[in-house]
Amino acid sequence: MTSTPTPGLTRFNTSQDSAALAALHEVCASSAWGSKLLAQRPYATAEELFTVSDAALAELTVRDLEEAMAGHPPIGRPKPGDPTSAREQRGMAGASEALKAELLELNLAYQEKFGHVFLICATGATGEQMRDAVKTRIGNTAEEEREIVRTELGKINRIRLTRLVETEEEGDKDR
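Overview of the structure. Worth saying up front: this structure is predicted, and the values here are computed from it rather than measured.

Here we look at the overall build of the protein chain
Okay, so step 1: When helices and strands are tallied, the protein chain shows 10 helices and 0 strands.
Okay, so step 2: Looking at the protein chain residue by residue over its 175 residues, the buried ones come to 40%.
Okay, so step 3: The long-range share in the protein chain, meaning contacts at least 24 apart out of those at least 6 apart in sequence, stands at 70%.
Okay, so step 4: Of the roughly 9,600 Å² of accessible surface on the protein chain, a fraction of 54% belongs to carbon and sulfur atoms.

Some thoughts on the packing of aromatic side chains
Okay, so step 1: By the definition in use, this model includes 3 aromatic pairs.
Okay, so step 2: Ring geometry for F12 versus Y43: centroids 6.3 Å apart, planes at 20°, classification stacked. Of this pair, F12 sits in helix α1 (residues 7-14) while Y43 sits in the loop between α3 (31-39) and α4 (46-58), placing them 31 residues apart in sequence. One exposure class covers both F12 and Y43, and it is buried.

Considering the side chain of E145
Okay, so step 1: Mapped onto the fold, E145 is located in helix α9 (residues 142-166).
Okay, so step 2: Overall, the relative accessible area of 1% leaves E145 in the buried class.
Okay, so step 3: Aside from chain neighbours lying at most four places away, what touches E145 is Y110, F114, R137 and N140.

Quick word on α4
Okay, so step 1: Spanning 13 residues, α4 covers 18 Å between terminal C-alpha atoms, matching the ideal 18 Å at 1.5 Å per step.
Okay, so step 2: For α4, the complete set of buried residues consists of L49, F50, V52, S53, A56 and L57. Mapping the buried residues of α4 onto a view down its axis gives an arc of 165°, with all of them on the same face.
Okay, so step 3: Buried residues along α4 sit against α1, α3 and α9.

Describing helix α5 (residues 62-70)
Okay, so step 1: By the burial criterion, the buried members of α5 are D64, L65, A68 and M69. End-on, the buried residues of α5 take up no more than an arc of 135°, which puts them together on one face. Projecting away from the buried face of α5 at angles above 90 degrees are the exposed residues R63 and A70.

Things to note about unusual backbone geometry
Okay, so step 1: Note that the residue after R41, namely P42, is joined by a cis bond; omega there is 0°.
Okay, so step 2: In this structure, P42 sits in the loop between α3 and α4.

Some details on the nonpolar core
Okay, so step 1: Ranked by size, the top nonpolar core spans 42 residues in total, and within it W33, L37, L49, I75, L153 and L161 carry the most contacts.
Okay, so step 2: Counting residues per element, the ones that place at least two in this core are α1, α2 (17-27), α3, α4, α5, α7 (97-114), α8 (127-137) and α9.

Rules behind the numbers
Residues numbered from 1 in each chain as written. Predicted model: local features only at pLDDT ≥ 70, side-chain atom pairs only at ≥ 80, totals over all residues. Heavy atoms only, no water. Helix = DSSP H or I, 4+ residues; strand = E, 2+ residues; numbered from the N terminus. Buried < 20%, exposed > 50% of the residue type's maximum accessible area, 1.4 Å probe, protein only. Contact = heavy atoms within 4.5 Å. Areas by Shrake-Rupley, 256 points an atom, 1.4 Å probe, with all protein chains shown as cover. Phe/Tyr/Trp six-rings, centres within 6.5 Å; stacked < 30°, edge-to-face > 60°. Expected span 1.5 Å × (residues − 1). Arc of directions from axis to C-beta. Core = buried A, V, L, I, M, F, W, Y, C linked by side-chain atoms within 4.5 Å.

Here it is as structure tokens:
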């Protein structure tokens, strides 16, 4: 059984390199990751794209991971005007002011310890679940945390890549 590429995957495969790289940067801020995915185009299926993404993520250096994390806002403080970070952090929308304040304090302590933003795949998670995760993970070593971050980044990238390849442009809907 063969699957046909979705309109979004076809658009990604046929985009100019600069446009495709910009789309990948919206998924993950690591230029090394984006370059590896760009170099493997065209993709026959979304699953092939995910496989290349996972392999590229596994090869990221500490510096590459830092670059990727720099593209993520702190939990509880989505980037203003950014629908992606607002959608992904929806679990914080109804959080109490006390929970938001506690999470801000925990975020700052985490950042002080590890030197980067606390990264978690927040899609579908409640504010309490995110708070509990940072409380648990702040006790990790830098090496343990780096591998957890790599795993969480992989989840985030897959969700964002799925949206990239499944989203139709307005003009596509009329065809």
